[in-house]
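Report on the structure
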Amino acid sequence: MKQESPKTANRLLTRFLRSDLAEEVRGDLEEKFLLDLKTKSVFKAKLIYWYQVINYIRPFAIRKSRLSYLNNYDMFQSYFKIGWRNLLHNKGFSFINVFGLAIGMTACVLIMLYVVDEMSYDKHHKDGNRIYRIASEVKSEKFVAASAPIAEGLKKDFPEVEQSTRLLRFPGTDKMVVKDEATQKQFFEMNGFYVDSTFLQVLTYDLIFGDDKTALNDPNSMLLSEEVAAKFFGNENPVDHVMKITLPFGDFNYTVKGVFRTNKKSHIPANLLLSMNNSDVGGWVKNQHNWATNNLFHTYVKLKIATDPIYFESKLTPFLERNGGQDLKAAGFSKSLFIQPLPDIYLHSDYGFEVTPNGSIKYLYIFFSIAVFLLLIACINFMNLSTARSERRAKEVGLRKVIGAEKHALISQFLTESILMSVLALLLAFLLIQLAIPIFNQLINKQLSLIQLPNVYFWLVGLTIITGLLAGLYPAFYLSSFKPVTVLKGKLVNTFSGVMIRKGLVVFQFTISIVLILGAILIGDQMRFLANTDLGFNKNQKIVLPIQTAEANKNAEALKAALLANSKVIAATHASSYPGIENINDMLFYAEGKSINETVDIIMCNAGNDYIETLDIELLQGRGFSKEFMGDSAAVVLNEAAIKQLGYAAASAVGKNIYFEWQGKKVTMNIIGVVKNYHFQSLHQEVKPMALSVSPFFGLPMSYLILDTNTNDYADLIALLEKTWKKINSGSPFAYSFLEKDFQKSYEKEELTLTLIRYFTLIAIVIACLGLFGLASFTAEQRVKEIGIRKVLGSSVSQIVMLLSKDFLKLVVISFIIASPIGYYVMKQWLQGFAYHVNVSWWIFALAGTSALLIALLTIGFQSVRAAFANPVNSLKSE
Amino acid sequence: MIETKLGEFEEVILLLTGILGEEAYAFRIAEEFESQTGRSVSIGAVHSTLTRLEEKGFLKSEMGKSTAERGGRRKRIYTITAYGKKTLTAARDFKQALWNQFPGFAIRMDGIIGFTG
C-alpha cells in the first residue's frame, strides 16, 4: 500500500511557505518521507515529516505577507493618515464625535472618581476581612453599638475571638475644646472618641509619632490626627505633651501618645482618640455592667483565621442570653446581636447610632449606572454617526476591496480611525477633567484628584481603547461587510437592518435621557416637598449655641438672661437636643394598667422651660413646663405618637401616669401636656414617640442654647451674641449654627444626588442631542434631491419640515414609552427611602415627555428648516 | 579576515556541496551530513544555510531534473562557485596557519607520557 505524507502537515506547509520554494521543498520532504518509510514505521515516518515541516518555519522560507512587521506598520501609518484626513474633511461630524465622547468620558471619570473614593473606606486595616462590628437589634430597631460588657464577654467566651475592642462616642460631647496650656491655643474639635487600650490591636492606624503597641496603655492617653497635631504643634513631635480637654463636666488633662495619619478613609473619622480609662467618663464606663441597656459602645472583634463568621454570628444571641438574661428580663425587652464586616460598614450600614453618617451603596449604584450610561450614550453617538456617514465611505470601501483590501484590513482601518478619535477625545477629556475637578469637588464636598487614584492613568487609557473599540466595532464590521459590486454599482446602501439598528440606538439614547429627566424632576419635586412641608415647629431664624464647656454650663442661665436682653432675641431655651440632630436618649415606658412587658420606646429630650414656645410647637392639651410649677421634675410632655402607642387618647391623657423601671425600681411620671407631632427627625422617618422632660433623672447635659431671633442682619446679630458670650464665658470659644441648616443636613445625600443628576442629565441630553443633530443634518443632506423635487412639485416648507422631523420625533415618542415604566419603577424605589414623600404623578411624565420632545424638535428643527428653505435649483441643477 | 564569513556548519555544508557535485540538493546534503558527522539535522536547517551561502555568493543554484520518487517535482541543485572554493581554501589555510603557531603537544604532555609510560 502506498503511504502518503500527512495532509495536515502539507496544508500547514503551503500556508506559510514561500510559493517559489514550494516545489523543491515539497520534493525534498517527499523524498525524505519515502526513504524513511523504507527503514522506519509509518507512524515514525509521519512524525519525522512533521518535524521537517515545522523546521521549515524559518525566516527565509516564510511567505512575505502583510502580517510581517514592516508592512503592517506602513498600513497603520496609512490608516492613521486617512483617518486624520477624514477627520479634517468632516469637521462638523468630527467635532460632534470627539466632543461628545470627551464629555461622556469626563463625566464617567468624574463619577468613577467619586465611586472609587466611596469604595475605598476601611480597606487599609490589617486582616480587615477578619474584623467585624457587633451590632444590636431591639424591637426591630437596629443600632450599630452594643452594651458595655459585650466586648470583654466575647473575648472571654469565644476562643475564636482574637481580640475585641470598643469605641465610645459619648453623647453630648460632639464638640470638644482642646487646649494647649503652653501656647494658649485652643480649638473646638469634632469627632473625639473614647477607645479601649486594645483599639490599635484591632484597627490599623498609621502613627507618625508614637508607638502603636503602647500608645493607649496608660490612662489618660490621647492620639491626635495629623491635622489636629499640625494645628497645635506644626511638624514637631508632640508625644508626652499634656493637653487639656474641656467637656461639659469639667477640664481634664490628657497626655499625647501619638499622631496618626488620616490619608486612609474610614467610617471612624477620628480627630482625637482618647483613652477610655480616664478621669472624665472613665468612672462611668467602669460601672457599666448591664448587658441590656446603654447600647452605646461600638464593639469590634477580630476573629482568628479560618473562623466561620456566620457560625460565629449564630452563637451571639445565645451568648447574650447566657450572660445577660437577668438584665434583659429586668429591662423588659429582648435583644439580638449581629455582625457587620468592617470593610462593608461604610457603604452598607445605615442604622441607628452610626459613628458618623455613612455613605450609601444605593446611591453608588445610581451614580455608577449614570457613569456607564453616559459613556454608552457617547459611544452610541459615535456608532450612529459613523454608520450614517457610511454611504460616503461606502465607495471607498468598495474601491479598496476591488484593489484587494481584505476584510480584516478594512476592520483594522476603521478601528484605527475610531481609536484615533477616542484618543483625541481622551486628550480633550483630560483638559475637561482638569477644569471640572475643582467644580466637582465643590459640588460633592470632597477633595478628589486624579493622583489620588494610583491606577487612574492605566484606567483611562484602558477606557479610551475600550471606548474606541466599542465605538468602532459596529461601523468597522458594518462597513467592511459591504459588497463591492453593490456599492460601486449604485446607491443601495441603507440596508433595512442598518436603519433599524441606527434607530434602535437613537431610541436607547433618548430612553436613558428621559429616565434621567424623570429622575431629576422627581428628586427636585421631593426636595421641594421636604423644604415646604410643615414640620410642626418653626425652623426659621433659630440660632443654636453649643454649651459644651464646664464654664458655659455653669453660666448657662446668666447667658440666657443676658441674650434675652437683646430685643432681636425673642425667646431662648436650653435643651439636650433639637430637631435635626441625632437624639439617642430613650426610655421604655408603660401605661397605667400595663406591665414592663408592654413597653413603648420613647425618645427623651431634656428641655428647658421655654422649649415649646421657642420652637413654636403646637400644644394640644395641658401645659408646658414652667417655673411656676415646682413639681415638674416628675412630669412629661408627650407627643401624639407616644400617646397613641401607650394606648391613651390625646383628649384625656393629661393627668394620667406612665411608668418605667430603673435598677429594679418602678418610677412614675405624670403627663402634663400633649404636643402635636412635630418632625424632630428628618422626613425619612415617621414621627416616633417622644417625651419632653425637665427631670434631672434623664441626666443628659443641656448641651444647646436655642434662640428664636428676629433680624435681617445676621452678621450683626451674631457679632452681638459673640460679644455677650465673651463677656460671660471668657474661657470658652464661641460657636453657633442655624437650626434650619442643621436640619437640612439630614438631606445631604439627596441634595448631592439632585445636583449631580441635574448636571449629568444635562450632559446626557447634550450628548444625545449632538448625535441627533448630526443624524438630522446627515438625513437632510441625503434627501436633498428628494426635497428639491418635492418643492418643485409644490410642497410647502411646513410639509417638508414635518417630513424630515416626523421620523425622529417618532423615535423620541417610542423612547418615552420605553422610559416611562423604567422611570416609574426607579422613582418608586427611591421614594421608599422616605416616610413622607410626594406621589409619582402624571405631570412629571408629561413634563419629561414634552421637554424631551421639545429638545429633540429644536435640535432637528434647525436642520429641517434649513433644508426646507433651500432653493431646489441648487440641489437639482447638478444632474 | 575573510574566514569570519564562514561558520563551522556553513563550512561543512559548503564542503559537502562540493563533494556531492551533481547530487547536491537540500535533502541529499542533509542525508550526507548525517552520515558523515553522525549529527542529525533537519532539511529546513540545511536549506536555510544553502540559501544564505547562495546570498553570500559561495554557491549558485538552478532547478534540476524531476524524479519519480519526488512526485515529479524538480530539485534545486547547488554548485560551488569559484569564490566559494577560494573561501574554502582560505579558511583551511587560515586554520593551518593557526595550527602552525600552536605549541606542540609533545612538550606539554611530556611528563604525562613519561608518567603513564
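The structure presented is a predicted model; accordingly, all values stated were derived computationally and were not measured.

1. What about the overall build of chain A?
Across its full length, chain A holds 29 helices and 24 strands. The C-alpha atoms of chain A give a radius of gyration of 37 Å, which is well past the 29 Å a tight globule of 879 residues would have. C-alpha extents for chain A along the principal axes are approximately 115 × 90 × 60 Å. Look at the contacts in chain A between residues 6 or more apart in sequence, and 80% of them connect residues 24 or more apart. Summed over all atoms, the accessible surface of chain A reaches about 40,400 Å², with 60% contributed by carbon and sulfur. Charged side chains in chain A number 90 positive and 76 negative. The centres of these two groups are separated by 12 Å.

2. Here we look at the overall build of chain B
Secondary structure assignment for chain B yields five helices and two strands. Going from the N terminus to the C terminus, chain B shows its helices and strands as α-α-α-β-β-α-α. Among the 117 residues that make up chain B, the fraction classed as buried is 37%. In chain B, of all internal contacts separated by at least 6 residues, the share reaching a separation of at least 24 is 51%. If you sum the accessible surface of chain B, you get close to 7,000 Å²; carbon and sulfur atoms cover 57% of it.

3. Thoughts on the interface of chain A and chain B
Contact with chain A, which involves 19 residues of that partner, is made by 19 residues of chain B. Summing both partners gives a buried area of about 1,800 Å² for chain A against chain B, and 53% of it is carried by carbon and sulfur. Counting the contacts that link chain A with chain B gives five salt bridges. Of the charged contacts in the structure, one is a salt bridge between Glu 31 of chain B and Lys 32 of chain A, with a shortest N-O distance of 3.3 Å. Joining chain A to chain B, the criterion identifies 12 residue pairs in polar contact (both at pLDDT 80 or more).

4. Things to note about empty space enclosed by the protein
All names here are of chain A. Under the defined criterion, the tally for this structure stands at four cavities of 30 Å³ or more. One number sums up the size of the second largest cavity: a volume of about 70 Å³. As for the second largest cavity, its lining consists of Ser 577, Tyr 578, Pro 579, Ile 581, Asn 583, Cys 605, Tyr 611, Tyr 678, Phe 680, Gln 681 and Met 690.

5. Section: unusual backbone geometry
All names here are of chain A. A positive phi is found at Asn 191, a non-glycine position, where the angle reads about 55 degrees. By the secondary structure assignment, Asn 191 is in the loop between strand E5 (185-190) and strand E6 (192-195). Residue Ala 306 is not a glycine yet carries a positive backbone phi of 70 degrees. Among the residues examined, Ala 306 registers a relative accessible area of 80% and is labelled exposed.

6. Concerning the nonpolar core
Residues Tyr 611 and Leu 692 of chain A are the most contacted members of the largest nonpolar core, which totals 114 residues. The contact partners of Leu 692 of chain A, leaving out residues within four places of it in the chain, are Cys 605, Ala 607, Tyr 611, Ile 612, Phe 625, Ala 635, Val 636, Val 637 and Tyr 678 of chain A.

7. A short note on the layout of surface pockets
Residue and element names in this part refer to chain A. Reported here for the second largest pocket is a volume of approximately 570 Å³. Surrounding the second largest pocket, 23 residues form its lining, Ile 366, Ile 370, Val 515, Leu 516 and Val 826 being those nearest its centre. Per-element tally for the lining of the second largest pocket: the top contributor is helix H18 (residues 496-532), with eight residues. Grouping the amino acids of the lining of the second largest pocket by side-chain chemistry returns 16 nonpolar, six polar and one charged. Each of domain 2 (68-119 + 359-491) and domain 4 (494-536 + 748-879) accounts for three or more of the residues forming the lining of the second largest pocket.

8. Observations regarding a nonpolar patch on the surface
Taken together, the side chains of Ile 814, Ile 818, Ile 822, Tyr 825 and Val 826 of chain A make up a nonpolar region of the molecular surface, amounting to roughly 440 Å² of accessible area. Topologically, Ile 814 of chain A is positioned in helix H27 (residues 797-831).

9. Points about the packing of aromatic side chains
Residues and elements named next belong to chain A. Per the stated rule, a full pass over the model turns up 33 aromatic pairs over all chains. Aromatic side chains Phe 589 and Phe 660 sit 5.4 Å apart centroid to centroid with 85 degrees between the ring planes, which places their arrangement in the edge-to-face category. Remark: Phe 660 occurs in strand E20 (residues 657-662) and Phe 589 occurs in strand E16 (residues 586-591); sequence separation between them is 71 residues. Considering the side-chain rings of Trp 725 and Phe 734, the 5.8 Å spacing of their centres and the 70 degrees angle between planes classify their relative orientation as edge-to-face. Put simply, the rings of Phe 537, Tyr 678, Phe 680, Phe 743 and Tyr 747 pair up and form one aromatic cluster.

10. Section: helix H5 (residues 91-119) of chain A
Helix length check: H5 of chain A, at 29 residues, gives a terminal C-alpha distance of 41 Å against a target of 42 Å (1.5 Å per residue), a fit within 8%. Burial analysis of H5 of chain A places 23 of its 29 residues in the buried class, which makes it a mostly covered element.

11. Section: the packing of H5 of chain A against helix H15 (residues 407-444) of chain A
Residue and element names in this part refer to chain A. Interhelical geometry of H5 versus H15 gives an angle of 45 degrees and a closest axis separation of 7 Å. Relative to H15, the element H5 lies oblique. For H5 against H15, the interelement crossing comes out right-handed. Split into classes, the residues belonging to the contact of H5 with H15 amount to 22 nonpolar, three polar and no charged.

12. Overview of the environment of Gly 468 of chain A
Residues and elements named next belong to chain A. The residue Gly 468 is located in helix H16 (residues 456-480) in this model. Among the residues examined, Gly 468 registers a relative accessible area of 0% and is labelled buried. Put simply, Gly 468 and Thr 416 are 52 residues apart on the chain and 8.4 Å apart in space, counted from C-alpha to C-alpha. Apart from residues lying up to four places away in sequence, Gly 468 is in contact with Ser 418, Ile 419 and Ser 422.

13. With respect to the pattern of salt bridges
A side chain of one charge can pair with a side chain of the opposite charge if their charged atoms are brought near each other. All names here are of chain A. According to the stated counting rule, one finds 38 salt bridges over all chains in the structure shown. Among the salt bridges present, the one from Asp 206 reaches Arg 261, with a minimum N-O distance of 3.0 Å. With Asp 206 in the loop between helix H7 (199-202) and strand E7 (207-209) and Arg 261 in the loop between strand E10 (250-260) and strand E11 (272-275), this pair connects stretches of sequence that are 55 residues apart. For Lys 745, the salt bridge goes to Asp 742, with nearest N and O atoms at 3.6 Å. Several salt bridges converge on common partners, so that one network encompasses Lys 126, Asp 127, Arg 130, Glu 162 and Lys 302.

14. Things to note about the side chain of His 574 of chain A
Residues and elements named next belong to chain A. Structurally, the position occupied by His 574 is in strand E15 (residues 569-575). A relative accessible area of 5% places His 574 in the buried class. Leaving out residues up to four positions away in the same chain, His 574 has contacts with Ile 547, Ala 556, Glu 557, Lys 560, Ala 607, Gly 608, Tyr 611, Met 702, Tyr 704 and Leu 705.

15. Comments concerning helix H1 (residues 7-16) of chain A
All names here are of chain A. The set of residues buried in H1 consists of Ala 9, Asn 10, Leu 13 and Phe 16. Across the axial projection of H1, the buried residues extend over an arc of 140 degrees, all falling on one side. Opposite the buried face of H1, by more than 90 degrees, sit the exposed residues Lys 7, Arg 11 and Arg 15.

16. Some thoughts on the sheet that holds strand E24 (residues 737-738) of chain A
All names here are of chain A. Spatially, four strands are ordered E15-E23-E14-E24 in an open sheet, and the strand pairing comes out antiparallel. The open sheet has two edge strands, E15 and E24, and neither has a second partner. Of the pairings in the sheet, the one linking strand E14 (residues 542-546) to strand E23 (residues 704-709) comprises five bridges and is antiparallel in character. Within the sheet, the bridge partner assigned to Lys 542 lies in E23 and is Asp 708. The strands that helix H20 (residues 556-564) touches are E14, E15 and E23; relative to E15, the one it contacts most, it runs at about 165 degrees. Packed on one face of the sheet, helix H23 (residues 714-728) meets E14, E15, E23 and E24 and runs near 30 degrees to E14.

17. Some thoughts on the pairing of strand E9 (residues 242-247) of chain A
Look at any regular strand and the pattern is simple: side chains alternate between the two faces of the sheet. Residue and element names in this part refer to chain A. Pairing of strand E4 (residues 175-180) with E9, which is carried by three bridges, proceeds in the antiparallel orientation. By the bridge assignment for E9, Lys 179 is matched with Lys 244. One ladder, built from six bridges, connects E9 with E10; its direction is antiparallel. Note on E10: the bridge partner recorded for Ile 245 is Phe 252. Here E9 hands over to E10 after two residues, the two strands then running antiparallel side by side.

18. Considerations on the environment of Ile 728 of chain A
Residues and elements named next belong to chain A. Within the fold, Ile 728 resides in helix H23. Spatially, the C-alpha atoms of Ile 728 and Lys 688 are 38 Å apart, while their sequence positions differ by 40 residues. Sequence-distant contacts of Ile 728, that is, excluding residues within four places in its chain, are made with Glu 551, Asn 555, Ala 558, Leu 559 and Ala 562.

About the thresholds
- Residues numbered from 1 in each chain as written.
- Chains lettered and ligands numbered in written order.
- Predicted model: local features only at pLDDT ≥ 70, side-chain atom pairs only at ≥ 80, totals over all residues.
- Heavy atoms only, no water.
- Helix = DSSP H or I, 4+ residues; strand = E, 2+ residues; numbered from the N terminus.
- Rg over C-alpha atoms; globule rule 2.2 N^0.38 Å.
- Contact = heavy atoms within 4.5 Å.
- Areas by Shrake-Rupley, 256 points an atom, 1.4 Å probe, with all protein chains shown as cover.
- Lys, Arg positive; Asp, Glu negative; His and termini not counted.
- Charge placed at Lys NZ, Arg CZ, Asp CG, Glu CD.
- Buried < 20%, exposed > 50% of the residue type's maximum accessible area, 1.4 Å probe, protein only.
- Buried area = accessible area lost by both parts, 1.4 Å probe.
- Salt bridge = Lys/Arg side-chain N within 4 Å of Asp/Glu carboxyl O.
- Polar contact = N/O pair within 3.5 Å; in protein donor to acceptor, adjacent residues only side chain to side chain.
- 1 Å grid on protein atoms, 1.4 Å probe; cavity = no way out; pocket = protein on both sides within 12 Å on 5 of 7 lines; lining within 4 Å.
- Points joined across faces, edges and corners; volume = space filled by probe spheres on them.
- Core = buried A, V, L, I, M, F, W, Y, C linked by side-chain atoms within 4.5 Å.
- Nonpolar A, V, L, I, M, F, W, Y, C, P; charged D, E, K, R; others polar.
- Domains from an automatic or database assignment.
- Patch = residues over 30% accessible without salt bridge, like charges linked within 9 Å, V, L, I, M, F, W, Y side chains within 5 Å.
- Phe/Tyr/Trp six-rings, centres within 6.5 Å; stacked < 30°, edge-to-face > 60°.
- Expected span 1.5 Å × (residues − 1).
- Axes fitted to C-alpha atoms, helices over the stretch in contact; angles between N-to-C directions.
- Parallel < 35°, antiparallel > 145°, perpendicular 65-115°, else oblique.
- Left-handed = near helix turned anticlockwise from the far one by under 90°.
- Arc of directions from axis to C-beta.
- Pairing = 2+ DSSP bridges.

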